[in-house]
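So the chains spell out like this:
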Amino acid sequence: MKLFLCEKPSQAREIAPHVGAVKRGDGCITGNDAVVTWAIGHLVELAKPEHYEPALKSWDINLLPVLPQAWELIPKDKTKDQYRTVVKLLKQADEVVIATDADREGEVIARELMQMANYSGKVSRLWLSAFDDASILKALGKLLPGGRTLPMYFSGMGRSRADWLAGMNLTMALTKAFGAGGKEGTLHCGRVQTPVLALIVRRERAIASFRPVTHYQLSSVFDLAGQAVSMSWIPADSFLDKEGLATDRAMVEAVASKVSGKAGRIESVETKEERELAPLPYSLGSLQREASARFGMKAQAVLDAAQALYEKHKATTYPRTDCEYLPSSMVAEAGSVFDAIRLGNPELNESITLARQALSRGFSGRAFNDGKITAHHAIIPTQHPGVDRSSMTKEERTIYDMVCRRYLAQFLGSYQFLKTIILVVCEGERFKSTGKTPIVMGWRALEPERVAKSGTGEVEDEGESTSLPAVAQGETALNLKCELATRKTSPPKRYTEGTLLAAMESIDKEIEDPRWKAVMKSKEKAGIGTDATRSAIIEGLFRRDYITARKKDLLPTEKAVALIGLIEEVAPEIADPVLTAQWEDQLSQIEKGDIELMQFENGLGQWLEQVIDGIRGHAGRRKPAAAAIVRNMPDQGSSEEVPCPACGKPMRRIKGSKGHFWGCSAYREGCKSTLPDHDGKPGLPKAVLDAKDNPGPHYPCPTCQKPLRRVNGPKGPFWGCTGYPDCKHTQPDDAGKPGVRTSDVHGTTSRKDHPPASGPTAHSNVGEACPACNKGLLIGKTLQSSGKAFVGCNRFPECRYFAWPAK
């Protein structure tokens, strides 16, 4: 029996008809001596530390690090049924075709199940780049031998184990040494997560410590051939400080006065034809960066949309790729791709016509390069003729449009333009203006706005797109305006998700040490994380409340600042992006077969022993505290200690399933007091808010003294304590006021309990404070025996004050 092992049910449903499997079974599809089954992501996971060291059920820094000699995989509880089905089928199979996602993670998902089933038969690999019918049939006709992709399994397993070793050991060590305990007191640490968080915190420090420098420019306009043209002043070196800024106001003002209204001459006019090549097709990283810059999309949202386009809509190819090139053989498929784009994106018909013309002329573009292909090619539209844009979400349509336009751009040729530079000399001072005049729009007709070539994730500045007048050297240039312009240097920009992804991908740009900067720059892939994992890392920082977003900007929270400050003091190498990039490089070498997995694990284990020894030595000497940087950050909430209204111990902000709230730090000691969160600060108790929203007399609960509130129940209104569920006291409603249950009065009064007939307290009003106990409130009641009205304390039976109603 030939078993096709897919990553998820949707993949199995797409592949099954093409191998003759049409009958649904228990966790599989069968037919034609083939069985198609599926995982649901990872069906097994690495065992927890206490599996190897039972004493670690209670974390103990003296038992760290945990370095498993034999790694154990444990089936996940939620998917145990499917796990049993897959293992059973693996034990019956003669041949296994791994049909999971064609990447490192997919390889691990399949082979860890084969390991659990002790499968040792023939292995083949289905390598799919798209889920349209043509792509599936093509891949089934070219199954790879299983050994071809085995190194990807070792690399993926190494990545998983490295994350476990660093994450588990360092989180336990830091938490036991410096954490407050409990879920909110855990100091999370990760192999990639921590260096990325350090980038954000350090950028915030740079912004907080930045001191702007005032400098001066000239706002100048000259008359060139009858056209007013803005020009930039080129100050002589004598005006500039070591940073290249003109900081002497008097000197610049003197130039302004000297030039204003004077006639100069055109020193030179230089015009040359230039061209911009079409940007390469998207990798996942470049797609995420550009979608962030142009549309403000989150990295994870881009990945989710691209994954849906690949699996659900069959509209684009495999998304988790780090490659921006295409195999040269795919030029032959371009016509079919154009047809699919035309059906799915008809507004691109004009560009498709131009692309077909280029193809008919014997097109060969730089994107089609066999030598640049990695495990996958770039993300492009598929040949699937049934793409339905109406069934896509807004985000999916946006990403699909971007991918289609970028693919077509490869065929439309370079953007060609005339670049003109005019230099003017006036009273010995030089002024410059640069302009662009388009000649052939080429690919720019599809993408007038695009991300800058630098890969920063910022939208390109088109400030030089203005056409300049036709002028000649030696012509007069009359100054129309020359005024002093005061400028200030700007602090570094906060990371956005797009610029953070760019920093993670090219970490050499974030390294200050010149030696390591050169080393990392020389490597082909000098990044931290991978295109497939970076968005998940950023989402993890959001989920654990280490970063927040203000519009596009990413800001560290107070606990992030404190954590990185602590790490830099006790174990700075944990936050070192160079070390993490080196690990990524070694994992890539494992995938290439250049080094052994065991060699990598041994090195990581030795490093952990040294780091945890250092943490152990610092334990107890300090507690993490938010750095002064927090005072300079945009307000994110209260940083002052807030006492618990019940016991006086500090309250702390907690992220719950329904959002943030404030809970007492003495929770484990029995205090369950909570407060709502209001813009990052503790709000008023709900009972107080209810009282504010309901002006008029308020009635204290006779049991706990918290306010009663009127509740509309299924059987009508009643009054309940705002201290619920701790206090479950209720009273019936009596014309909009708390009433008394019949059982509270009937049969409980004796002659001596009846209200006195005379005396200073013989008559009282409803709503007054009880004169007997000074705690309760007087409410209207009725004698059960006679039906006569009287008033009594709402703290009955603790307080038995009665009086006749005042007349």
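Our structure's up above, just so we're on the same page.
Residues numbered from 1 in each chain as written. Predicted model: local features only at pLDDT ≥ 70, side-chain atom pairs only at ≥ 80, totals over all residues. Heavy atoms only, no water.

Asks: Please explain the overall build of the protein as it appears in this structure.
Replies: Within the protein one finds 22 helices and 30 strands. Looking at the protein as a whole, 48% of its 807 residues are labelled buried. As displayed, the protein offers around 38900 Å² of accessible surface, 49% of which is attributable to carbon and sulfur atoms. (Helix = DSSP H or I, 4+ residues; strand = E, 2+ residues; numbered from the N terminus. Buried < 20%, exposed > 50% of the residue type's maximum accessible area, 1.4 Å probe, protein only. Areas by Shrake-Rupley, 256 points an atom, 1.4 Å probe, with all protein chains shown as cover.)

Asks: How should I be thinking about the packing of helix α11 (residues 334–344) against helix α12 (residues 349–360) in this particular structure?
Replies: How two helices sit against one another is set out by the angle between their axes and by the gap between those axes. Running from N to C, α11 and α12 point in directions that differ by 175 degrees, and their axes come no closer than 10 Å. Taken together, the axes of α11 and α12 lie roughly antiparallel to each other. Contacts between α11 and α12 pair Ala-334, Gly-335, Phe-338, Asp-339, Ile-341 and Arg-342 from the former with Asn-349, Ile-352, Ala-355, Arg-356 and Leu-359 from the latter. When the residues that make up the contact of α11 with α12 are grouped by side-chain class, the tally is 6 nonpolar, 2 polar and 3 charged. (Axes fitted to C-alpha atoms, helices over the stretch in contact; angles between N-to-C directions. Parallel < 35°, antiparallel > 145°, perpendicular 65-115°, else oblique. Contact = heavy atoms within 4.5 Å. Nonpolar A, V, L, I, M, F, W, Y, C, P; charged D, E, K, R; others polar.)

Asks: I keep staring at unusual backbone geometry and nothing clicks. Help me out?
Replies: The general pattern is negative phi for most residues beyond glycine and trans for most peptide bonds. Residue Pro-65 is reached from Leu-64 by a cis peptide bond, and omega for that bond is 0 degrees. Within the secondary structure, Pro-65 sits in the loop between α2 (49–52) and β6 (73–75). Of note in the backbone geometry, Asn-118 takes a positive phi value of approximately 55 degrees without being a glycine. Tracing the backbone shows Asn-118 in the loop between α4 (104–116) and β8 (122–125). Assessed through its relative accessible area of 66%, Asn-118 is described here as exposed. Positioned with a positive phi, Asp-545 is a non-glycine residue whose angle comes to about 65 degrees.

Asks: Mind showing me how you'd approach the side chain of Ser-283 here?
Replies: As for its position among the elements, Ser-283 is in the loop between β12 (263–276) and α9 (284–295). Accessibility expressed as a relative area gives 1% for Ser-283, which makes it buried. Leave out the neighbours within four places in its chain, and Ser-283 touches Thr-321, Asp-322, Cys-323, Glu-324, Ile-379 and Asp-531.

Asks: What should I look at first to understand a nonpolar patch on the surface in this one?
Replies: Taken together, the side chains of Leu-418, Ile-439 and Val-440 present a nonpolar region at the surface, about 210 Å² in accessible area. Summarising the element assignment, Val-440 is placed in strand β14 (residues 429–440). (Patch = residues over 30% accessible without salt bridge, like charges linked within 9 Å, V, L, I, M, F, W, Y side chains within 5 Å. Salt bridge = Lys/Arg side-chain N within 4 Å of Asp/Glu carboxyl O.)

Asks: Would you mind showing me how to read helix α6 (residues 146–178) here?
Replies: Side chains that are three or four residues apart share a direction in an α-helix, a result of its 3.6 residues per turn. The end-to-end C-alpha distance of α6 is 47 Å, a good match for the 48 Å that 33 residues give at a rise of 1.5 Å each. Of all 33 residues making up α6, 24 are buried, and the element is well covered by its neighbours. (Expected span 1.5 Å × (residues − 1).)

Asks: Sorry, what's going on with helix α8 (residues 249–259) here?
Replies: When we look at burial in α8, the residues that qualify are Val-252, Val-255, Ala-256 and Val-259. Projected down its long axis, α8 shows its buried positions confined to an angular sector of 100 degrees, all on one face. Turned more than 90 degrees from where α8 packs its buried face, Ala-250 and Ser-257 sit exposed. Contacts made by the buried residues of α8 are with β10 (214–224), β11 (227–234), β13 (415–426), β14 and β15 (476–488). (Arc of directions from axis to C-beta.)

Asks: What should I look at first to understand the packing of aromatic side chains in this one?
Replies: Working definition: an aromatic ring pair is given by the centre-to-centre distance plus the angle between the planes. Counted according to the given criterion, the structure contains 16 aromatic pairs. Consider the rings of Trp-233 and Phe-239, whose centres lie 5.2 Å apart with planes at 85 degrees: the pair is edge-to-face. Pairwise contacts between aromatic rings join Phe-338, Phe-363, Phe-368, Tyr-407 and Phe-411 into one cluster. Lying over the aromatic face of Phe-417, Lys-436 brings its terminal NZ or CZ to 4.8 Å of the ring centre. In this arrangement the basic side chain of Lys-559 is found over the ring face of Tyr-546, its NZ or CZ atom lying 4.8 Å from the centre. (Phe/Tyr/Trp six-rings, centres within 6.5 Å; stacked < 30°, edge-to-face > 60°. Lys NZ or Arg CZ within 6 Å of the ring centre and 35° of its normal.)

Asks: Would you explain the sheet that holds β10 in this entry?
Replies: Sheets are built from strands that pair by backbone hydrogen bonding, the pairs being arranged parallel or antiparallel. Pairing in this closed barrel of 6 strands is antiparallel, and the strands run β10-β11-β14-β13-β12-β15 around the ring. Adjacent strand axes in the sheet meet at a mean angle of 35 degrees when their direction is disregarded. Here β13 runs beside β14; their pairing, made up of 11 bridges, is antiparallel. Looking across to β14, one finds that Thr-420 is bridged to Gly-435. Sheet strands touched by α8: β10, β11, β13, β14 and β15. Its angle to β15, the strand with the most contacts, is close to 160 degrees. (Pairing = 2+ DSSP bridges.)

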